[in-house]
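The primary structure of each chain is shown beneath.
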Amino acid sequence: MLKKFIARVIERATAKKAHPRKAKVLTAAEHGIDRAKLSRGALGTVEGLHKAGYEAYVVGGAVRDLLLGGVPKDFDVATNATPEQVHATFRRSRMIGRRFRIVHVMFGQETVEVSTFRTADLSDAPTDEHGRVLRDNTFGSLADDATRRDFTINSLYYDPEAQTVIDHHGGVADLKKKVLRIIGDPATRYREDPVRMLRVTRFAARLGFAIDPKTRAPIRELADLLTNVPASRLFDEMMKLLLSGHAVACIRQLRDEQLHHGLLPLLDVILEQPLGEKFVMLALARTDERIGMGKGVSPGFLFAALLWHEALAKWNELKARGEHATPALFEAMGLVIDAQREKLAIQHRIAADMREIWSLQPRLDRRGRNAAKLLEHPRFRAAYDFLLLRAQSGELDTEVADWWTTFIDAMPEARLEMMAPKPGGDGAPRKRRRRRRPAAEGDATPPAS
Ligand code: ATP
Ligand code: MG
């Protein structure tokens with residue numbers, strides 16, 4: 001009798017190991033997702049794969065956001081079809097990625113990212129010496145795939161045809177509890193991919209969720225692993241963070257998690273310079289506002305703002321060494337951008353925008369007879385917005401910003417009047433004469449661009 005009982009217990013335990021947990025399947029009435037909120041691309045991709053005989057689900061952030069009542073900004077689909085099979089199913093599709101091969105399926109303007117279920121067993125995956133997984137292209141089942149996702153709330157699969165949600169890791173319960181919980185052993189999962197530490201921070205800030213204590217515990221100790229992550233991935237993650245519409249909250253959270261220290265030069269700059277902090281936080285608050293209103297944000301403007309005080313400090317340093325203002329400014333811009341490039345792959349186009357916005361600042365500061373010409377400059381609007389931030393943060397006399405605000409709205413005659421040289425001056429408004437500048441500062445006008 002007892003033998004039989006023990007045998008049954010052992011059997012049950014073994015079965016539990018083979019099938020770690022049974023997935024919960026929620027019906028439409030239980031999960032409440034409104035199918036109409038799915039994009040044409042998401043529906044079309046799932047339908048196309050189903051018709052071709054494959055399994056396919058909407059997965060990840062889209063399901064999470066739908067369950068939270070939001071409208072997802074983009075859709076990811078997971079399937080048991082290989083990338084080649086997905087590509088063969090859709091005429092308008094292309095295979096991308098090396099570390100993680102996926103397929104982009106295009107529907108009109110929309111792109112749906114389709115990934116093949118990954119295996120849960122990473123023992124054969126190539127890693128670097130710190131355990132970071134370099135490539136992850138061994139395929140598996142839906143259950144495997146669910147275990148490979150980062151957080152429980154990101155591991156939910158929605159089948160728009162059956163209208164069911166498949167939940168392997170208690171993601172729905174965690175959504176209700178507003179908790180971010182990593183799947184599996186936290187330290188192992190961060191070692192596999194240190195970017196997950198930034199992701200948990202971003203999601204916590206964006207969703208207003210708490211980080212489960214076990215998920216949070218290893219972050220401080222493992223933060224340094226982020227230094228081994230390629231620059232291009234960090235850049236992508238930084239952009240997601242800064243453009244999440246909750247950049248201010250994200251930065252606070254990063255600071256709470258001690259993730260900023262010595263990791264990304266850019267974050268160091270943002271979080272560790274008292275002078276620039278006000279300016280940067282204002283710029284981020286403005287960015288959050290714009291995103292909240294559905295307006296676009298220029299990455300060039302954002303980075304110009306994040307690094308402005310760094311550039312200012314370098315500029316002043318070079319001027320103090322006796323360099324002329326204009327070449328000093330250009331040298332400072334180059335030094336600051338290059339320093340960031342090493343760790344953060346700032347693209348050339350963005351760097352060019354940053355240089356323009358920065359180099360227009362001393363020209364705007366001066367106002368005067370070139371003002372009308374400056375107004376025609378393609379980057380004037382960005383440079384003016386930047387000037388406003390400088391004034392609001394207390395770095396610049398508000399009189400300068402007010403002068404421009406008046407000038408922009410003024411009638412042509414009034415503009416001429418404003419640009420006219422003042423008695424005893426050289427064309428610059430009165431304010432400038434009151435400023436005491438060391439001789440070395442000289443003329444800060446960069447070459448016209
Ligand atoms: P967002 O709203 O910011 O796009 P998201 O959750 O959709 O959030 P994505 O980067 O688009 O984030 O990733 C889609 C899904 O892929 C995630 O929800 C998660 O399931 C999985 N995923 C993404 N990055 C990782 C990672 N580093 N480790 C494990 N799973 C990941
Ligand atoms: Mg997404």
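Residues numbered from 1 in each chain as written. Chains lettered and ligands numbered in written order. Predicted model: local features only at pLDDT ≥ 70, side-chain atom pairs only at ≥ 80, totals over all residues. Heavy atoms only, no water.

## Overview of the overall build of the protein chain
- Tallying secondary structure elements over the protein chain gives 24 helices and ten strands in all.
- Within the protein chain, the fraction of its 449 residues that count as buried is 49%.
- Looking at the protein chain alone, contacts between residues at least 24 apart form 66% of all its contacts between residues at least 6 apart.
- About 22,200 Å² of surface is accessible on the protein chain, with carbon and sulfur atoms providing 53% of the total. (Helix = DSSP H or I, 4+ residues; strand = E, 2+ residues; numbered from the N terminus. Buried < 20%, exposed > 50% of the residue type's maximum accessible area, 1.4 Å probe, protein only. Contact = heavy atoms within 4.5 Å. Areas by Shrake-Rupley, 256 points an atom, 1.4 Å probe, with all protein chains shown as cover.)

## Notes on the environment of Val105
- Assignment of secondary structure puts Val105 in strand 5 (residues 102-107).
- Those residues within four positions of Val105 in sequence are excluded, and the remaining contacts are Thr45, Val86, Phe90, Arg92, Ser93, Glu110, Thr111, Val112 and Val114.

## A word on the confidence of the model for the protein chain
- When pLDDT is averaged along the protein chain, the result is 85, and 85% of the positions lie at 70 or above.
- This model gives residues 11-19 a pLDDT under 50, and the stretch forms zero contacts once residues within four places in sequence are excluded.
- Every residue in residues 430-449 scores below 50 in pLDDT, and together they form 43 contacts with partners more than four places removed in sequence or on other chains. (pLDDT = per-residue confidence, 0-100.)

## Description of the site of ligand 1
- As a matter of local geometry, ligand 1 sits amid 17 residues, with Arg64, Asp193, Arg196, Arg202 and Lys240 nearest to it.
- Take Arg149: an N or O atom from its side chain is 3.1 Å from an oxygen atom of ligand 1.
- Within the backbone of Asp150, one N or O atom sits 3.2 Å away from a nitrogen atom of ligand 1.
- The protein chains hide 85% of the 580 Å² of surface that ligand 1 would expose on its own.
- Elements that contribute at least two residues to the shell around ligand 1 include exactly helix 4 (61-67), helix 9 (195-207) and helix 12 (231-242).
- Here the shell around ligand 1 is composed, by residue class, of one nonpolar, three polar and 13 charged. (Near = heavy atom within 4 Å. Polar contact = N/O pair within 3.5 Å; in protein donor to acceptor, adjacent residues only side chain to side chain. Nonpolar A, V, L, I, M, F, W, Y, C, P; charged D, E, K, R; others polar.)

## A closer look at helix 17 (residues 308-320)
- Here helix 17 is 13 residues long and its end C-alpha atoms lie 18 Å apart, about the 18 Å a rise of 1.5 Å per residue gives.
- Positive backbone phi, approximately 100 degrees, marks Gly322, located one or two places after helix 17. (Expected span 1.5 Å × (residues − 1).)

## Some points on helix 3 (residues 40-51)
- Taking 1.5 Å of rise per residue, twelve residues should cover 16 Å, and helix 3 covers 16 Å from first to last C-alpha, within 8% of that figure.
- Those residues of helix 3 not exposed but buried are Gly41, Ala42, Gly44, Thr45, Val46, Gly48 and Leu49.
- The elements touched by buried residues of helix 3 are strand 2 (56-59), strand 3 (76-79), helix 5 (83-89), strand 5 and strand 6 (110-116).
- One or two positions beyond helix 3, positive phi appears at Gly53, with a value near 95 degrees.

## Considerations on the packing of helix 12 against helix 16 (residues 299-306)
- Axis separation between helix 12 and helix 16 bottoms out at 12 Å; the angle between their running directions is 90 degrees. With respect to helix 16, the element helix 12 is oriented roughly perpendicular. Residues Phe235, Met239 and Leu242 of helix 12 lie in contact with helix 16, whose contacting residues are Pro299, Leu302, Phe303 and Leu306.
- Grouping the amino acids of the contact of helix 12 with helix 16 by side-chain chemistry returns seven nonpolar, no polar and no charged. (Axes fitted to C-alpha atoms, helices over the stretch in contact; angles between N-to-C directions. Parallel < 35°, antiparallel > 145°, perpendicular 65-115°, else oblique.)

## Some remarks on the pattern of salt bridges
- Tallying each qualifying case throughout the model produces 23 salt bridges.
- In this structure, Arg149 engages Asp145 in a salt bridge whose closest nitrogen and oxygen atoms are separated by 3.0 Å. In this structure, Arg149 and Asp145 share a single accessibility class: buried.
- Salt bridges here are not isolated pairs; linked through shared partners, they connect Asp174, Lys177, Arg181 and Asp212. (Salt bridge = Lys/Arg side-chain N within 4 Å of Asp/Glu carboxyl O.)

## What about the sheet that holds strand 4 (residues 93-96)?
- Read from one edge to the other, the open sheet built from eight strands follows the order 1-8-7-2-3-6-5-4, with strand pairing classed as mixed. The open sheet has two free edges, formed respectively by strand 1 (24-26) and strand 4, since each of these has just one partner strand. Strand-to-strand twist across the sheet, computed as the mean angle between neighbouring axes with direction ignored, equals 30 degrees.
- Judged from the six bridges that link them, strand 5 and strand 6 form a sheet pairing that is antiparallel. Opposite Val105, over in strand 6, you have Val112 as the bridge partner.
- Each of strand 2, strand 3, strand 5, strand 6 and strand 7 (156-159) touches helix 3; the most contacted strand, strand 6, lies at about 40 degrees to it. (Pairing = 2+ DSSP bridges.)

## Points about the nonpolar core
- Formed by 93 residues in total, the largest nonpolar core has its most connected members in Val58, Leu242, Leu284, Phe303, Met354, Trp358 and Phe386.
- With eight residues, helix 9 is the single largest residue contributor to this core.
- Taken together, domain 1 (1-177) and domain 2 (299-419) each give at least three residues to this core, which thus spans both.
- Not counting residues within four places of it along the chain, the set of residues in contact with Trp358 comprises Phe303, Ala304, Leu307, Trp308, Ala311, Leu329, Met333, Val336, Ile337 and Phe386.
- If you look at the next biggest cluster of nonpolar residues, it comprises 19 residues, including Leu360, Ala383, Tyr384 and Trp403. (Core = buried A, V, L, I, M, F, W, Y, C linked by side-chain atoms within 4.5 Å. Domains from an automatic or database assignment.)

## With respect to the pairing of strand 3
- Two strands pair when backbone bridges link them, and strand 2 and strand 3 are joined in this way by four bridges, in the antiparallel orientation. What sits directly across from Ala56, in strand 3, is Thr79.

## Side note on the packing of aromatic side chains
- Evaluation of the coordinates by the stated rule reveals twelve aromatic pairs.
- Summarising the aromatic geometry, the rings of Trp403 and Trp404 are spaced 5.1 Å apart at their centres and angled 80 degrees between planes, so their arrangement reads as edge-to-face.
- Note on Trp404 and Phe407: the rings are 5.6 Å apart at their centroids and 80 degrees apart in plane angle, and the pair reads as edge-to-face. Of this pair, Trp404 and Phe407 both sit in helix 22 (residues 398-409), three residues apart, which is roughly one turn of that helix. Residue Trp404 shares its accessibility class with Phe407, and that shared class is buried.
- Here the aromatic residues Phe279, Phe301, Trp308, Trp358 and Phe386 are joined through ring pairs into a cluster of three or more.
- Sitting over the face of the ring of Phe203, Arg202 holds its NZ or CZ atom 4.8 Å from the ring centroid.
- The ring of Phe407 carries Arg415 above its face, with NZ or CZ at 5.3 Å from the centroid. (Phe/Tyr/Trp six-rings, centres within 6.5 Å; stacked < 30°, edge-to-face > 60°. Lys NZ or Arg CZ within 6 Å of the ring centre and 35° of its normal.)

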